[in-house]
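So you can see what is in the structure, the chains are spelled out below.
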Amino acid sequence: MPDAPLRVTVLSGGGGGAKLAHGFAQVTSDLTVVVNTADDAVLHGLSISPDVDTVMYTLAGRIDPAKGWGLADDTAAVLGAMRELGEDTWFHLGDKDLATHVVRTARLRAGATLSEVTAQLCAALGVGARVLPMSDDRVATLLRTAEGTLGFQEYFVGRQHRDEVLGIDLDGIDVARPAPGVLEALTSADVVVLGPSNPFVSIGPILAVPGVHEALAGSPARRVAVSPVVGGRVLKGPAAHMLASLGHDVSALGVARLYAGLVDTFVVDEQDAHLVPEIRDLGMDVHAVRTVMGADVADRARFARDLIAVAAAPGR
């Protein structure tokens with residue numbers, strides 16, 4: 001009998017976490033991706049789950065490779081028509097992408113949960129991995145800035161994340177419950193990977209859902225976190241600015257301090273190999289590998305294999 005496939009759970013926002021999940025999908029048939037939903041929004045009456053969709057489209061091989069979000073070869077005729085009718089269209093929605101939001105909204109209004117709808121959409125798109133929203137309950141990331149409190153999409157898309165973030169609140173987190181399967185995905189996995197996503201607004205909300213942090217801390221899985229900071233900068237998104245404005249070092253070491261005591265292994269890029277001793281002093285095993293992934297599926301699979309090897313390596 002063949003060996004059972006490695007059970008891998010990835011915690012992800014969009015972007016880098018989605019790419020990494022895509023890599024793991026090439027090397028194991030038992031993959032679960034737990035996705036941040038605290039940046040979900042309702043726009044034009046539609047329920048939009050940006051990180052869930054980015055993960056789903058990436059795993060389906062349909063993501064727009066140039067933007068890293070949305071669907072490839074999409075058009076924007078509906079958005080243009082809405083603009084002509086006087087609608088504010090600051091949040092881009094492609095025509096094919098709109099179909100996802102229309103279907104999601106209709107099924108939610110009919111009584112389905114977000115995790116049920118996500119499973120249906122993944123099946124329709126041919127996604128084999130389990131994609132689980134962190135919660136079926138509403139949680140909203142709110143950013144405290146000098147201009148006042150901003151919803152995540154207003155901050156990130158509407159204002160192009162140019163405001164200095166002075167604090168982060170998660171509205172609804174106290175009463176949120178993990179979506180079905182989330183805790184089991186953490187406690188029954190062989191390897192749990194915290195993807196190279198923003199630690200504050202992508203991974204942070206997942207860990208803040210009551211019961212998730214505790215499940216991960218007590219999991220028998222090998223727990224691995226990947227730094228989103230490479231050579232003192234973040235390839236995409238506001239994580240570097242948030243690290244600085246919230247009082248943390250803008251480095252892989254700064255991120256490692258956020259995860260100290262929660263993971264067994266911390267992975268940095270080869271450019272940050274000089275930080276390995278300091279990170280090891282935090283009580284984690286540390287490995288330096290090539291973490292930057294492009295659009296090439298083989299390279300994403302290479303990184304996933306590297307992380308599997310890292311997870312299997314003897315500890316400190």
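Predicted, not measured: the structure shown is a model, and the values here were computed from it. Think of each chain on its own: its residues are numbered from 1, step by step along the sequence as written. Owing to the predicted nature of the model, reporting of local features is limited to residues with pLDDT of at least 70; listing and counting of side-chain atom pairs is limited to 80 or more, with chain, interface and lining totals taken over all residues. Hydrogen atoms and water are omitted, and side-chain values are computed over all heavy atoms in the structure.

Draft legend 1. Seen up close, the pairing of strand β2 (residues 30-35). For every residue, the accessible area obtained with a 1.4 Å probe (protein chains only) is divided by the maximum for its type, and the residue is called buried under 20%, exposed over 50%, and partly exposed between those limits. The helix and strand labels rest on DSSP assignments: H or I over at least four residues marks a helix, E over at least two residues marks a strand, and numbering proceeds from the N terminus. Along β2, six of the six residues are buried, which leaves the element largely enclosed by surrounding structure. Going residue by residue along β2, you find Asp30, Thr32 and Val34 tucked away on one face and Leu31, Val33 and Val35 tucked away on the opposite face as well. Across six bridges, the pairing between strand β1 (residues 7-12) and β2 is parallel. Bridge assignment links Thr9 to a residue of β2, and that residue is Thr32. Here, the term right-handed applies to a crossover whose path from the first strand over the helix to the second runs clockwise when the strands point away from the viewer. Taken together, β1, helix α1 (residues 16-25) and β2 constitute a β-α-β crossover, and its handedness is right-handed. In this sheet, strand β5 (residues 130-133) lies alongside β2 in parallel orientation, the contact comprising four bridges. Of the residues in β5, the one forming a bridge with Val34 is Leu132. Note on pairing: DSSP must find at least two bridges between two strands before they are called paired.

Draft legend 2. Expanded view of the layout of surface pockets. Lining residues are those with an atom within 4 Å of a point, where the points come from a 1 Å grid over the protein atoms alone and group into cavities, where a 1.4 Å probe fits but cannot get out, or pockets, open sets with protein on both sides within 12 Å along at least five of seven lines. Grid points are joined across faces, edges and corners, and a volume is the space filled by probe spheres set on the points. The volume enclosed by the second largest pocket comes to roughly 270 Å³. Taken together, 16 residues make up the lining of the second largest pocket; nearest its centre are Thr37, Asp40, Ala41, Arg138 and Val139. Secondary-structure elements contributing two or more residues to the lining of the second largest pocket are β3 (41-43), β4 (46-48) and α4 (95-109). Each residue belonging to the lining of the second largest pocket can be placed in one class, and the counts come to seven nonpolar, four polar and five charged. Under the convention adopted here, Pro, Cys and the residues Ala, Val, Leu, Ile, Met, Phe, Trp and Tyr are nonpolar, Asp, Glu, Lys and Arg are charged, and Gly plus all remaining residues are polar.

Draft legend 3. Up close: the sheet that holds β2. Spatially, the seven strands line up as an open sheet ordered β5-β2-β1-β9-β10-β13-β14, and their pairing is parallel. Both outer strands of the open sheet, β5 and β14 (285-289), are each paired with one neighbouring strand and no more. Each strand axis lies, on average, 20° off the axis of its neighbour in the sheet, ignoring direction. Bridge count for strand β13 (residues 265-269) against β14 is five bridges, and the pairing is parallel. Opposite Asp269, over in β14, you have Val289 as the bridge partner. Against the sheet, helix α2 (residues 50-59) engages β1, β2 and β5, with an angle of about 155° to β2. Axes here mean lines fitted to C-alpha atoms, for a helix over just the part in contact, with angles spanning 0 to 180 degrees between N-to-C directions. Two residues form a contact once any of their heavy atoms are found within 4.5 Å.

Draft legend 4. View of the packing of aromatic side chains. In this scheme Phe, Tyr and Trp rings, the latter by its six-membered ring, pair at centre separations within 6.5 Å, and the angle between planes marks the pair as stacked below 30 degrees, edge-to-face above 60, and tilted otherwise. Tallied over the full model, the rule gives three aromatic pairs. Taken together, a centroid distance of 6.2 Å and an interplanar angle of 55° make the contact between Phe152 and Tyr155 tilted. Of this pair, Phe152 and Tyr155 both sit in helix α6 (residues 152-158), separated by three residues, roughly a single helical turn. With relative accessibility at 8%, the residue Phe152 sits in the buried group. On the numbers, 5.3 Å between centres and 15° between planes, the contact of Phe152 with Phe156 is stacked. A residue pair is termed a helical-turn pair when its members lie 3 or 4 positions apart in one helix, as Phe152 and Phe156 do in helix α6 at four residues. By relative accessible area, which is 29% here, Phe156 ends up partly exposed.

Draft legend 5. Representation of the sheet that holds strand β7 (residues 148-151) within the structure. Here we have three strands laid out as an open sheet, ordered β7-β6-β8, and antiparallel in their pairing. Edge positions in the sheet fall to β7 and β8 (167-171), since each has one partner strand and no second. Ignoring strand direction, the axes of neighbouring strands in this sheet form an average angle of 30°. Pairing of strand β6 (residues 140-145) with β8 involves five bridges; the strand directions are antiparallel. Of the residues in β8, the one forming a bridge with Ala140 is Asp171.

Draft legend 6. Broad picture of the pattern of salt bridges. Criterion for a salt bridge: a side-chain nitrogen of Lys or Arg within 4 Å of a carboxyl oxygen of Asp or Glu. Taken as a whole, this structure holds 14 salt bridges when the rule is applied. Among the salt bridges present, the one from Asp137 reaches Arg177, with a minimum N-O distance of 2.8 Å. Placement of the pair is Asp137 in the loop between β5 and β6 and Arg177 in the loop between β8 and α7 (182-187), with a sequence separation of 40 residues. A relative accessible area of 54% means that Arg177 is categorised as exposed.

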